[in-house]
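Structural overview
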Amino acid sequence: MRAVLMAGGSGTRLRPLTCDLPKPMVPVLNRPIAEHIINLLKRHGVTEVIATLHYLPDVMRDYFHDGRDLGIQITYAVEEEQPLGTAGCVKNIAELLKDTFLVISGDSITDFDIGAAIEFHKQKQSKATLILTRVPNPVEFGVVITDEEQRIRRFLEKPSTSEIFSDTVNTGTYILEPEVLEYLPEDEEKDFAKDLFPLLLEKGEPMYGYVAEGYWCDVGNLDTYRQSIYDALHNQVKVDWDYKEKSDNIWVGKNTYIHPSAKIESHVLIGSNCRIGAKVNIAAGTAIGDNVTIGAGSELKRPIIWNGVTIGEEVHLSPCTIARGTRVDRRAQILEGAVVGPLCTVGEEAQISPGVRIWPSKKIESGAIVNINLIWGGRAARNLFGQRGVSGLANIDITPEFAVKLGAAYGSTLKPNSQVLVSRDQRNVSRMVSRSLIAGLMSTGMNIQNLESTAIPIARTMTTSLKVDGGIHVRLHPDRPDYILIEFLDKQGINVSKSKEKKIEAAYFKEDLRRVAVQEIGRVSYPSQILDVYSKSFETHLNGSAIRHSNAKIVIDYVYAVSGAVLPRLLGKFGCDAVVLNASLNQIALSKVEREDLLVQLGQVVEALRANLGVQVSANGEQLILVDESGLPIAGELLTALMVNTIMTANPRSTVVVPVHASSAMEKIARRHDGKVLRTKANPTALMEASQNHPNVVLGGSGEMGFIFPQLHPGFDAMFTIAKLIEMLTIQERSLAQIRTDLPKVCHKSYTMRCPWSVKGALMRHLVESHPTGNLELIDGVKIIDPQRDNWILILPDAGEPIVHIFANSEDRDWVDRSLREYRMKVQNFIDSLT
């Protein structure tokens, strides 16, 4: 017998799961609904299936092909134009239906005895037999009344509550004789229940109802979809399983690893090639697809997880549905009834509220709480910008598509025909992203000054030289080697202000993007003699005579992050002997451990060559770590203090700018030289703005972020820092080791701990309210000061991660250790009280 499988449905009530799948291809127990139906038909002697397709027809054809792998013949009939309805599409293939045939819906799960229904049809010599079942709430279905001979006397398609006259409903499965199709016109939209069956009843054709025993679920919405899977896992419906039953009602696929400490209840399905981490709890009713990873400590309370999903550590999943290829990061929560479409990313500690639907390919930012359906736009974010620009996983978060839209958003905030400088580091991924940004900018009418691969200090210098209206620099993130960082510059070369960031974010999220006419699309220029412009400025702000008389020998380590280094050429003009290490380009950034190993190697080379100093340059020319003549590294707070001391010695009664968390050694040094210390928020933009806008500033920055010489350009510049340091050491006739011994002795320690996004604001308010106002400083975070002893504690929430940093500063090491322990406990107790 032939069967017609009605597989054309788009499944709008199953959105977002059916955005890229026809409804019959939605998986139940890791195989499409249509496959369960085909297996049912095969069990009851059906040898050929004709699938009628309309919505995304290639998905089903590509999956089943000709049906040979399932042991059945499948042919396809595609409604190319408008849908013809359930009966119209069958009429369309009438020439293929010369004998009794079966029509079955492609969106239900059932184990009805189809063979018994066919036998009933033959015995009754029926022209049309409807397979019926009894349900407690028939409002969503066609209700049918039969007489004592099971002949149909009356039916009503999807009645209102007041119209219900039976609990026996139409299941969408029919056994028909081909002549009934003669009642249907050609190429018109017609429905079996609304059009053909009432007509057959009117014409007196023998039409019967077969009340089937067994399970039937119309997968008509997201709730019934989940319920069909729960029922199958609890053996309420007979289905074919792809996996072996590992233990009592626990089915596990091939090549799946389950950590011994994981707890799995009965009535659970885990697909093939999965990895289940330590201390994972999986409740009854959970269905996990193939190629799924579940991180340690996660709680799975009846979620439906499709193929290729990655679940991070300590994730909480209620009865929800997560479609293919989605990534759910650490400590995220997806609550009851929520649905996450395919290829989404749910960020760390994000929460998707009950019943919320997330459409495909969306990104939920870390810490975001999503209370409404996310349909338009690409992401649900707290912010697009973080501590320093826009960052994300290279080619996962920061993709070409994302960069095109981001470039268009930035261009839309500038006047048409504006000039925008674009530069990048030398890595291929940065080239890819910068080209995408350029495409987006050009689409809004921006003209591009493309510096291509250029160190960011040089790019900042060129913003004023080229008189551009803004700029973008793309590079690998200095602190996260798998991340891309995109920084936006104003016309002075400073990172754009928070208000400008908000305008770019608004244009991006609202998709308020300007599109210009073809003749107004921007052009791209490639400025020449870039290095000459920077070199001239570089030389102008140095005492060349002092450097030439230094006879300095320095060793520069580029940690495989640059090819064709600029600094040795600049220093060579002053007669310095620069020995270069690791100046080839590695497309994959080195890890922190690898950079530390190279720093040890640098110290050994400096000592062996008897060099004046060594320097490890990173962050595309912005950051550095020094090595003194003995091979000992100078980094972090020690480097900040050394630079402040050196520059203030040469410039008494001047001002230096440092971040709020810098140690009190800065004030002690300033007092020696009758100078001032200006503290700012702990972000690069704040340091650049303060260094540029306040009078008499000679140095800004820190050992962590780099150093700013505002007379040169407004950004961090490791190359100029090195040259200036050689100049200062020569004039002051001191070595790095001698300066190090002259620095004030201050104990400065920090500790970083996790803090949910939702708690950060309450934590800051609690700290402010629980300390005297006179002891507080609120530049950034909450600093609690003991003015009599120059001791302080700073609790600083991180702008980009769900963490807080605790800094303790004092000349008394015991006080620092004791205070760090005390405030770690206070912060943790407060977090625990709210979570």
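A few points on the structure. Within each chain, residues carry numbers counting from 1 in the order of the written sequence. Local features in this predicted model are restricted to residues of pLDDT 70 or higher, and side-chain atom pairs are both shown and tallied only at a pLDDT of 80 or more, whereas totals for entire chains, interfaces and linings draw on every residue. No hydrogens and no water enter the side-chain calculation; it runs on all heavy atoms of the structure.

**What to know about the overall build of the protein chain**
What the protein chain contains, in helices and strands, is 21 helices and 56 strands. The classification of residues rests on relative accessible area computed with a 1.4 Å probe and restricted to protein chains. Under 20% of the type maximum is buried, over 50% is exposed, and intermediate values are partly exposed. Across the 835 residues of the protein chain, 57% fall into the buried class. When checking whether two residues touch, look at their non-hydrogen atoms; a contact exists if any pair is within 4.5 Å. Considering only residue pairs separated by 6 or more positions, the protein chain has 58% of its internal contacts joining residues 24 or more positions apart. With residues, only the protein chains shown are counted as cover, and all accessible areas are computed by Shrake-Rupley using a 1.4 Å probe. Surface exposure of the protein chain reaches about 34600 Å², of which carbon and sulfur atoms provide 48%. Numbering of helices and strands runs from the N terminus, with a helix taken as a DSSP run of H or I at least four residues long and a strand as a DSSP run of E at least two residues long.

**A look at the pattern of salt bridges**
Basic side-chain nitrogens of Lys or Arg form a salt bridge, by our definition, when they fall within 4 Å of a carboxyl oxygen of Asp or Glu. A complete count under the given rule lists 40 salt bridges for this structure. Between Glu-149 and Lys-124 there is a salt bridge whose closest N-O contact spans 3.6 Å. On the criterion of sequence distance, the pair formed by Glu-149 in the loop between β9 (143-146) and β10 (152-156) and Lys-124 in helix α4 (residues 114-124) is long-range, its members being 25 residues apart. The partly exposed category is assigned to Glu-149, whose relative accessible area is 45%. Residue Lys-124 is classed as partly exposed on the basis of its relative accessible area of 23%. Lys-783 serves as the salt-bridge partner of Glu-777, at 3.6 Å between the closest nitrogen and oxygen. Assessed through its relative accessible area of 25%, Glu-777 is described here as partly exposed. When salt bridges that share partners are traced, they join Glu-313, Glu-314, Arg-330, Arg-331, Glu-348, Glu-349 and Arg-754 into one network.

**Comments concerning the nonpolar core**
Here the nonpolar core consists of buried residues drawn from Ala, Val, Leu, Ile, Met, Phe, Trp, Tyr and Cys, with membership extended through side-chain atoms lying within 4.5 Å. Counting residues in each nonpolar core, the largest one holds 61 residues, and the members touching the most others are Leu-5, Met-60 and Tyr-225. Those residues in contact with Tyr-225 that sit more than four places away from it in its chain are Leu-14, Leu-17, Val-26, Pro-27, Val-28, Val-219, Ile-304, Trp-306 and Thr-321. One finds Leu-451, Leu-571, Val-617 and Ala-718 within the second-largest nonpolar core, a separate group that totals 60 residues.

**Side note on α4**
Of all the residues in α4, the buried ones are Ile-114, Ala-117, Ile-118, Phe-120 and His-121. Down the axis of α4, the buried side of the element spans an arc of 155 degrees, and every buried residue falls inside it. Opposite its buried face, α4 presents the exposed residues Lys-122 and Gln-123, each directed more than 90 degrees away. Looking at the buried positions of α4, the neighbouring elements they touch are α1 (33-43), β6 (101-105), β8 (128-134), β11 (168-176) and β12 (207-211). Sitting at the head of α4, Asp-113 places a side-chain oxygen 3.2 Å from the backbone nitrogen of Gly-115. Just downstream of α4 lies Gln-125, where phi reads positive at about 50 degrees. The arc in question is the one traced by the directions running from the helix axis out to the C-beta atoms. Any N or O atom pair separated by 3.5 Å or less is treated as a polar contact, with the protein-specific requirement of one donor-capable and one acceptor-capable atom, and with residues adjacent in sequence counted only for side-chain atom pairs.

**So, the pairing of β12**
Among the five residues of β12, four are classified as buried, and the element is accordingly described as predominantly covered. Any two strands between which DSSP finds at least two bridges are classified as paired. In this sheet, β12 lies alongside β8 in parallel orientation, the contact comprising five bridges. What sits directly across from Ile-131, in β12, is Tyr-210.

**Considering the packing of α1 against helix α2 (residues 57-64)**
Packing of α1 against α2 brings their axes to within 11 Å, and their N-to-C directions diverge by 50 degrees. Looking at the two axes, α1 sits oblique to α2. For the crossing formed where α1 meets α2, the hand is right-handed. Along its contact with α1, which presents Ala-34, Glu-35 and Ile-38, the element α2 presents Met-60, Tyr-63 and Phe-64. Lines fitted to C-alpha atoms define the axes here, with helix axes fitted over just the stretch in contact, and angles between the N-to-C directions of these axes take values from 0 to 180 degrees. Roughly parallel means an angle under 35 degrees; roughly antiparallel means over 145; roughly perpendicular covers 65 to 115; every other angle is labelled oblique. Helix crossings are classified by the rotation of the near helix relative to the far one: an anticlockwise turn of less than a right angle makes the crossing left-handed, while a clockwise turn makes it right-handed.

**Observations concerning the sheet that holds strand β50 (residues 697-702)**
An order of β49-β48-β50-β51 is seen for the four strands of this open sheet, with the pairing classed as mixed. Each edge of the open sheet is held by one strand with a lone partner, namely β49 (676-680) and β51 (706-708). Averaged over all neighbouring strand pairs, the angle between strand axes comes to 20 degrees, with direction disregarded. Strand direction decides the pairing type here: β50 and β51, joined by three bridges, are antiparallel. Its bridge partner lying in β51, Ser-702 is registered against Gly-706. The strands touched by helix α15 (residues 636-650) within the sheet are β48 (655-659), β49, β50 and β51, with β50 carrying the most contacts at an inclination of about 175 degrees.

**Some remarks on the packing of aromatic side chains**
Aromatic rings from Phe, Tyr and Trp, with only the six-membered ring used for Trp, were paired whenever their centres fell within 6.5 Å, and each pair was classed as stacked if the ring planes differed by under 30 degrees, edge-to-face if by over 60, and tilted otherwise. Here the structure, examined in full by the defined rule, presents 13 aromatic pairs. Plain terms: the ring middles of Phe-120 and Tyr-210 are 5.3 Å apart, the flat faces sit at 50 degrees to each other, and that makes the pair tilted. Taken together, the residues Phe-120 in helix α4 and Tyr-210 in strand β12 connect sequence positions 90 residues apart. Aromatic side chains Tyr-174 and Phe-197 sit 4.9 Å apart centroid to centroid with 80 degrees between the ring planes, which places their arrangement in the edge-to-face category. Of the two residues, Tyr-174 is situated in strand β11 and Phe-197 in helix α5 (residues 192-203); the sequence distance between them amounts to 23 residues. The class for Phe-197 is buried, based on a relative accessible area of 1%. Three or more aromatic residues link up through ring pairs in this structure, and these residues are Tyr-534, Phe-538, Phe-709 and Phe-720. Only when the NZ of Lys or the CZ of Arg is both within 6 Å of the ring centre and within 35 degrees of the ring normal is a charge said to sit over the ring. Stacked on the ring of Trp-792, the Lys or Arg Lys-783 has its end atom at 4.0 Å from the ring centre.

**Quick word on helix α21 (residues 813-834)**
What a helix should span is 1.5 Å times the count of its residues minus one. Between its terminal C-alpha atoms α21 stretches 32 Å, which fits the 32 Å expected from 22 residues at 1.5 Å a residue. If you check which residues of α21 are buried, you get Trp-815, Val-816, Ser-819, Leu-820, Tyr-823, Val-827, Phe-830 and Ile-831. Projection of α21 onto a plane perpendicular to its axis shows the buried side chains occupying an angular sector of 125 degrees, all on one side. Turned more than 90 degrees from where α21 packs its buried face, Asp-814, Arg-821, Met-825 and Ser-833 sit exposed. The opening residue of α21 is Asp-812, an N-cap whose side-chain oxygen sits 3.0 Å from the backbone nitrogen of Asp-814.

**Describing the side chain of Thr-463**
Residue position: Thr-463 is located in helix α9 (residues 456-465). When neighbours within four sequence positions are excluded, Thr-463 is seen to be in contact with Leu-421, Val-468, Leu-489, Asp-490, Lys-491, Gln-492 and Gly-493.

**What about the sheet that holds strand β30 (residues 339-340)?**
The strand order across the open sheet formed by eight strands is β14-β15-β18-β21-β24-β27-β30-β33, and the pairing between neighbours is mixed. Two strands in the sheet have a free side with no partner beyond their single neighbour: β14 (244-247) and β33 (357-358).

**Looking at the side chain of Thr-444**
Relative to the helices and strands, Thr-444 resides in the loop between α8 (428-443) and β39 (447-453). For Thr-444, a relative accessible area of 0% puts it in the buried group. At 2.7 Å, the side chain of Thr-444 forms a polar contact with the backbone oxygen of Leu-441. Sequence-distant contacts of Thr-444, defined by excluding residues within four places in its chain, comprise Ala-408, Gly-411, Ser-412, Arg-514 and Val-516.

**A look at the pairing of strand β43 (residues 553-557)**
A large share of β43 lies buried, amounting to four of its five residues. As paired strands, β43 and strand β44 (residues 577-581) are joined by five bridges and run parallel to one another. Pairing of Ile-556 across the sheet is with Val-580, part of β44. The pairing of β43 with strand β45 (residues 613-618) spans four bridges and is classified as parallel.

**Quick look at the environment of Gly-355**
Inspection of the secondary structure puts Gly-355 in the loop between β32 (351-352) and β33. Excluding its chain neighbours within four sequence positions, the residues that come into contact with Gly-355 are Glu-336, Gly-337, Ala-338 and Asn-373.

Remember that the coordinates give geometry; whether it matters functionally is a separate question.
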